[in-house]
Amino acid sequence: MTAATLPLAREGFHAPTIEEFEWPSIVDLHVGGVDLSINRVVLQMFLVGLVVWALFFFAFRKPKLVPSGLQNVMEVLVDFIRNQIALEVIGRDGLRFVPYLATLFTFVFLGNLGGIIPGIFFPLTGRMALPAILAVCSLLLFVSVGISQQGFLTYFKNALFPPGMPKAIYILLTPIELISTFIVRPVTLAIRLLANMIAGHLILSVFFVATGYLLTSGNVSIVFGLGSLVFSVALIAFELFVAGLQAYVFTILSAVYIAGAMEPEH
Amino acid sequence: MSLALVNSILAADNTVSGNIGIIGYGLGTLGPGIGIGFLVGKTVEGISRQPEAAGQVRTLMFIGLALVEALALFGFALAFVIT
């Protein structure tokens, strides 16, 4: 972590590595060979889950006709998910997915936001487990939507054997469709979020460590240290943008996949 | 071949170090870079031709952006995986 690497920086510059993302466990817990140990990331995940719950609960506990305060903010968020994502991408049928999409957006956004909150400085979604499980949720959702909307056989027939093709092309097309729909979709969904967050966190760490190193190591380097300091502040603003954008992309792609499962492709 | 040249070649063998995954990532960014350039350029073109379609075009741009970006991010992730 940044605080731990700062003393090292005085003895020479040590660029942060992927070990930034490894945390020792606080409470060791093994259930039947499965490692359920609690470390800092898990605690942060509980915190984010609690914050998401609290935001929605306290905003809509006693909804007023003229919203104010928290209700106002959350209504803007839900309105955005409803109009810009559900209605725009899926259509009228998409309204029943607004709760899932809104929760997904809020959770991913707050998870990403941990990367720039002073005192936390760790993006929750920078660990593979969380994006992976969210991607699996979206996968299960769009497959079950497809099955319930079109029926089990029809859905898989439409997904794997798109109609209107010559018979022989299915030898080539079906494996591609199988891999791209049921494997590549969730994998890219997870890796896109993960890699963005890892990259953002590493860049921030590099600039923080470099600022500490340059400000303390010599006379001339203070000039560069100040430049690095200014740039690291600018990067925090950029990371805020990335956090919002990646949450938006994750949500909108989930919506696109759901929309694709609602109706057979033509 | 002079002795100095041989020595410099041998020395180069010792000084070049690092992770070849980073080179892979660099190569992996080329395609998505061109792709995102095309994508955003065409979006600007589309919006300036038909400003009332801006919302829809922007949504589609983000979807396309996310798909194009995926390959570069695979490169980034694999640079860490393969050491």
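Right, let's get into the overall build of chain B. When helices and strands are tallied, chain B shows three helices and zero strands. Secondary structure elements in chain B, listed N-terminal to C-terminal, are α-α-α. Taking all 83 residues of chain B together, 22% fall into the buried category. Summed over its atoms, the accessible surface of chain B is roughly 5,700 Å², and 71% of this surface lies on carbon and sulfur atoms.

Attention now goes to unusual backbone geometry. Residues other than glycine seldom take positive phi values, yet A:Phe121 does so here, at roughly 45°. With respect to the element layout, A:Phe121 can be found in the loop between helix H4 (98–113) and helix H5 (129–150).

A few words now on empty space enclosed by the protein. All names here are of chain A. If you walk through the whole model with that rule in mind, you get three cavities of 30 Å³ or more. Considering only enclosed or pocket space, the second largest cavity measures out at about 40 Å³ in volume. What lines the second largest cavity is Asn112, Gly115, Ile116, Pro123, Met197, Gly200, His201, Leu204 and Glu239. Here the element with the most residues in the lining of the second largest cavity is helix H7 (residues 170–217); it accounts for four residues. Residues that form the lining of the second largest cavity fall into these classes: four nonpolar, four polar and one charged.

This next bit is on the packing of helix H2 (residues 40–60) of chain A against H4(A). All names here are of chain A. One way to put it is that H2 packs onto H4 with a least axis distance of 10 Å and a crossing angle of 135°. Here H2 lies oblique to H4, going by the angle between them. In this structure, the crossing between H2 and H4 has a hand that is right-handed. Within the contact between the two elements, H2 uses Met45, Val48, Gly49, Val51, Val52, Leu55 and Phe56 and H4 uses Ala102, Thr103, Thr106, Phe107, Leu110 and Gly111. By residue class, the composition of the contact of H2 with H4 is nine nonpolar, four polar and no charged.

Analysis parameters
- Residues numbered from 1 in each chain as written.
- Chains lettered and ligands numbered in written order.
- Predicted model: local features only at pLDDT ≥ 70, side-chain atom pairs only at ≥ 80, totals over all residues.
- Heavy atoms only, no water.
- Helix = DSSP H or I, 4+ residues; strand = E, 2+ residues; numbered from the N terminus.
- Buried < 20%, exposed > 50% of the residue type's maximum accessible area, 1.4 Å probe, protein only.
- Areas by Shrake-Rupley, 256 points an atom, 1.4 Å probe, with all protein chains shown as cover.
- 1 Å grid on protein atoms, 1.4 Å probe; cavity = no way out; pocket = protein on both sides within 12 Å on 5 of 7 lines; lining within 4 Å.
- Points joined across faces, edges and corners; volume = space filled by probe spheres on them.
- Nonpolar A, V, L, I, M, F, W, Y, C, P; charged D, E, K, R; others polar.
- Axes fitted to C-alpha atoms, helices over the stretch in contact; angles between N-to-C directions.
- Parallel < 35°, antiparallel > 145°, perpendicular 65-115°, else oblique.
- Left-handed = near helix turned anticlockwise from the far one by under 90°.
- Contact = heavy atoms within 4.5 Å.

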